[in-house]
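These are the residues of each chain, in order.
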Amino acid sequence: MTSEEIIEKVKAELADAIQGADLPQGDAVIFVAPDSWHAVAEFLKNDADLKFDYFSDVRGVDYLLEEREPRFESVYQLYSIDHQHSIRVRVGIDEENPSVPTVSDLWKGALYPEQELFDMFGINVDGHPTMERLIMPKDWEGFPLRKDYPLTTETVTFSYNRGFKSDLVKSKPPTR
Amino acid sequence: MSVTDQGLLHRDKDTMTLNMGPQHPSTHGVFRVILEMDGEVVQTAEPEIGYLHTGIEKTSENKRYGHVIPMTDRLDYLNPPGNNLAFCLTTEKLLGVEIPDRANVLRVIMCELSRIASHLVWLGTHALDIGAMTVFLYCWREREMILDLNEEISGVRMMTSYIRIGGVAKDATRPWLDGIRDFIEYFPAKVDEYERLLTKNPIWLDRTEGIGAFTREEAINWSFSGPALRASGVNWDIRKAQPYSGYDNYNFDVPVLNNGDIFDRYRVRVEEMRQSRIIIKQALERLPEGPYKTPDNKVSLPPRETLHTSMEALIHHFKLVSEGISVPVGETYVPIEGARGEVGFYIVSDGTNVPARVKLRAPSFMAIPGMCKMMEGCYIADVVGIIGSIDIVMGEVDR
């Protein structure tokens, strides 16, 4: 199916569940709310015409600098081995208690990238079996890929610097 | 103090916990796996990653597009041109620039050479893990020739950064093309030589056949890609399914086997080396004349000699060097077939010269949970074979 046909099919079948659809540079993209994401995922996987049986990836995005509502987004990339087409699903996630349902019960391949989503962005993946740090050390504080997390921090060991906020010297913001 | 005094024999379970790695030669980097052993048989295998985390994704969000390319080399350090290409294709899709034909062919040559080099490292180390020392030395001998070719064209042996946004870094040189011609004449006999050492070797067969087997459904569900998926009977090669860089112009076969065990993954990769050589041969034959990078001076630097005569070229040159490429607002993803499977960058642009988000889809990272699932019920000696057969690179796992 072409991207246009995928969008049409998804719009026809899931009119209530999806928030919108787009075709940037010819990719099929749909927008879904976290509450309906698991049902949408189940449909995308099991529908005979779509049959997205391959979980390609999920990435978190932090739109803090763009001041977008909601702040976070988790973007899923699905692929169909039989039909050779793909779709991107963008799930907007609120800043307060960010959470999204797991789809690792549908695709086992989602286990690791969903854990990384928690590790790097602090987005809780509801129903995920191991919701703990993956790449960062177990006792790490903060979520490194959030935009308000500084690029580098230095622990200050000199006593006269103790007054600084949590003993951290933040790096200069990047030049744009 | 004896073992009994330490309380090691008084445990509430019959299994033994065994730590493997992160400093273990067969884990190909710093991969740690905690094995729960019942005698010699693995009950569960729990992976532990992150020892090589360098924060490349975070750093990329603070660098200009052009400056990210050298960092992509360090992700999958055995297949740097594949990563360069994935990053450049995604950026070019956002920019909407057309790539000249000659640049596409040079990119294909570079990627396929690097695929061969990557598979040679895999074959050498994998065979060494299982106990065949000679293959390792033979593979390194041929890989050295490819590294020399890399040096000739890009000045660097491994981290080439040869593929740039809008084309390639420099035009093909005569010695490079001659060197590739010599190499593709020389190489097929060497692949036969590796196969003579391994494919019918009874020890090799004992250690690989029927071990670490995944069915078609399992391999898809655990998000395997590349050779590991094709060994399980899935005919999916992105070069054929979603052709990029003009791969639809080449005639080559995609090896697919059905058993999904270590032996089939070995055979798929060996056949892929032959097919890559065929692609390079065709690419050399059809290498067209023309520019090696896009003439769009908002993306690639204008020719040096025009700077003295054209004001516009001077302005473009200054803007590109001082400011970099500004990419329109958008987000996109372009998958390519790397040496280990689907590689792709998801890039979000906010309209500036610095990407807002760069995320690598790494085939090794995606394969690790499935790989550990595969180990369950195997002997401890086969764990080494399974890790080698999936061909993980920790640089792209931890990023």
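Predicted model only: the values in this text are computed from it and were never measured.

### Topic: helix α12 (residues 311-323) of chain B
Residue and element names in this part refer to chain B.
No. 1: Along its 13 residues, α12 runs 18 Å from first to last C-alpha, staying within 8% of the 18 Å computed at 1.5 Å per residue.
No. 2: Turning to α12, its buried residues are A313, H316, H317 and L320. Seen end-on, α12 carries its buried residues on one side only, within an arc spanning 100°. Residues M311 and F318 are exposed on α12 and point more than 90 degrees away from its buried face.
No. 3: Backbone nitrogen of E312 and a side-chain oxygen of the N-cap are separated by 3.4 Å at the start of α12; the cap is S310.

### Quick look at the sheet that holds strand β7 (residues 342-349) of chain B
Two strands in a sheet stick together by hydrogen bonds in their backbones, pointing the same way (parallel) or opposite ways (antiparallel).
Residue and element names in this part refer to chain B.
No. 1: The three strands are arranged β6-β7-β8 in an open sheet whose pairing can be described as antiparallel. Where the open sheet ends on each side, the last strands, each with one partner, are β6 (330-337) and β8 (357-361). For this sheet the average axis-to-axis angle between neighbouring strands, irrespective of direction, equals 10°.
No. 2: Examined bridge by bridge, β7 and β8 share five bridges and lie antiparallel to one another. Considered in β8, the bridge of Y346 is made with K359.

### Here we look at helix α2 (residues 34-46) of chain A
Residues and elements named next belong to chain A.
No. 1: Compared with the 18 Å implied by 1.5 Å per residue over 13 residues, the 19 Å span of α2 between its first and last C-alpha is a close match.
No. 2: Taken together, the buried positions of α2 are S36, W37, V40, A41, F43 and L44.
No. 3: In this fold, the buried residues of α2 make contact with α1 (3-13), β2 (29-32), β4 (72-80), β5 (85-93) and β6 (99-101).

### As for empty space enclosed by the protein
Residues and elements named next belong to chain B.
No. 1: Tallying each qualifying case throughout the model produces five cavities of 30 Å³ or more.
No. 2: In this model, the largest cavity occupies a volume close to 100 Å³.
No. 3: What lines the largest cavity is simply Y77, L78, P80, P81, S114, A117, R143, I146, L147, N150, R157 and M158.
No. 4: For the lining of the largest cavity, the secondary structure elements donating two or more residues are α3 (80-95), α4 (101-130) and α5 (133-154).
No. 5: In terms of residue count, the dominant contributor to the lining of the largest cavity is α5 (four residues).

### Here's the deal with the packing of aromatic side chains
No. 1: All chains considered together, the criterion is met by 19 aromatic pairs over all chains.
No. 2: Ring geometry for A:W37 against A:Y76: centres 4.3 Å apart, planes inclined by 40°, an arrangement best described as tilted. With A:W37 in helix α2 and A:Y76 in strand β4, this residue pair connects regions lying 39 residues apart in the sequence.
No. 3: By relative accessible area, A:W37 is classed as buried at 0%.
No. 4: We classify A:Y76 as buried; its relative accessible area is 0%.
No. 5: Here the aromatic residues A:W37, A:F55, A:Y76 and A:W107 are joined through ring pairs into a cluster of three or more.
No. 6: A cation over a ring is seen here: B:R239 above B:Y247, with NZ or CZ 5.9 Å from the ring centre.

### What to know about the confidence of the model for chain A
All names here are of chain A.
No. 1: Summarising the model, chain A shows a mean pLDDT of 82, and 86% of its residues fall at 70 or more.
No. 2: Confidence, expressed as mean pLDDT per element, reaches its minimum in chain A at strand β9 (residues 168-170) with 45 and its maximum at β4 with 91.
No. 3: A low-confidence stretch, residues 164-173 (pLDDT under 50), is modelled with 16 contacts involving residues beyond four sequence positions or located in other chains.

### Notes on the sheet that holds β5(A)
Residues and elements named next belong to chain A.
No. 1: Spatial strand order, β1-β2-β5-β4-β3: five strands in an open sheet with mixed pairing. Each edge of the open sheet carries a strand with a single partner, namely β1 (18-22) and β3 (54-62). Taking the axes of each pair of neighbouring strands and ignoring which way they run, one obtains an average angle of 20° across the sheet.
No. 2: Running over the sheet, α2 touches β2, β4 and β5 and is turned about 165° from β5.

### Digging into the interface of chain A and chain B
No. 1: Each partner contributes residues to the interface: chain A has 49 residues there, and chain B has 46 residues.
No. 2: Carbon and sulfur atoms make up 53% of the area that chain A and chain B hide from each other, which totals about 3,900 Å².
No. 3: For the interface between chain A and chain B, the tally reads nine salt bridges.
No. 4: With its nearest N and O atoms 3.2 Å apart, the salt bridge here joins A:E116 to B:R399.

### Points about the packing of α3(B) against α4(B)
Residue and element names in this part refer to chain B.
No. 1: Between α3 and α4, the least distance of the axes is 8 Å, while the angle of their chain directions is 145°. On the side of α3, the interface is formed by P80, P81, G82, L85, C88, L89 and E92, while α4 contributes R107, M110, C111 and S114.
No. 2: Along the lines of polarity and charge, the residues of the contact of α3 with α4 split into seven nonpolar, two polar and two charged.

### Some points on the layout of surface pockets
No. 1: Of the pockets and cavities examined, the largest pocket occupies roughly 610 Å³.
No. 2: Along its surface, the largest pocket is lined by 29 residues, and A:Q25, A:D27, B:K93, B:Y333 and B:V334 are the ones closest to its centre.
No. 3: Elements with a minimum of two residues in the lining of the largest pocket: α1 and β5 of chain A together with α3, α4 and β6 of chain B.
No. 4: A total of four residues in the lining of the largest pocket trace back to one element, the largest contributor, which is β5(A).
No. 5: In terms of residue class, the lining of the largest pocket is built from 12 nonpolar, 11 polar and six charged.

### Some thoughts on the side chain of A:D53
Residue and element names in this part refer to chain A.
No. 1: Here D53 is to be found in the loop between α2 and β3.
No. 2: The buried charged residue D53 lacks any salt bridge, with K51 as its nearest oppositely charged partner at 4.5 Å.
No. 3: In terms of polar contacts, D53 uses its side chain to reach the backbone amide nitrogen of I81, at 3.1 Å.

### Re unusual backbone geometry
No. 1: Residue A:P70 is bonded to the preceding A:E69 through a cis peptide linkage, with omega at -10°.
No. 2: Structurally, A:P70 can be placed in the loop between β3 and β4.
No. 3: The phi torsion at B:S161 lies on the positive side, around 50°, for a residue other than glycine.
No. 4: Phi at B:S223 takes a positive value of approximately 60°, unusual for a residue other than glycine.
No. 5: Note that B:S223 resides in the loop between α8 (216-221) and α9 (227-230).
No. 6: Classification of B:S223 as buried rests on a relative accessible area of 0%.

Cut-off values and rules
- Residues numbered from 1 in each chain as written.
- Chains lettered and ligands numbered in written order.
- Predicted model: local features only at pLDDT ≥ 70, side-chain atom pairs only at ≥ 80, totals over all residues.
- Heavy atoms only, no water.
- Helix = DSSP H or I, 4+ residues; strand = E, 2+ residues; numbered from the N terminus.
- Expected span 1.5 Å × (residues − 1).
- Buried < 20%, exposed > 50% of the residue type's maximum accessible area, 1.4 Å probe, protein only.
- Arc of directions from axis to C-beta.
- Polar contact = N/O pair within 3.5 Å; in protein donor to acceptor, adjacent residues only side chain to side chain.
- Pairing = 2+ DSSP bridges.
- Axes fitted to C-alpha atoms, helices over the stretch in contact; angles between N-to-C directions.
- Contact = heavy atoms within 4.5 Å.
- 1 Å grid on protein atoms, 1.4 Å probe; cavity = no way out; pocket = protein on both sides within 12 Å on 5 of 7 lines; lining within 4 Å.
- Points joined across faces, edges and corners; volume = space filled by probe spheres on them.
- Phe/Tyr/Trp six-rings, centres within 6.5 Å; stacked < 30°, edge-to-face > 60°.
- Lys NZ or Arg CZ within 6 Å of the ring centre and 35° of its normal.
- pLDDT = per-residue confidence, 0-100.
- Buried area = accessible area lost by both parts, 1.4 Å probe.
- Salt bridge = Lys/Arg side-chain N within 4 Å of Asp/Glu carboxyl O.
- Nonpolar A, V, L, I, M, F, W, Y, C, P; charged D, E, K, R; others polar.
- Lys, Arg positive; Asp, Glu negative; His and termini not counted.

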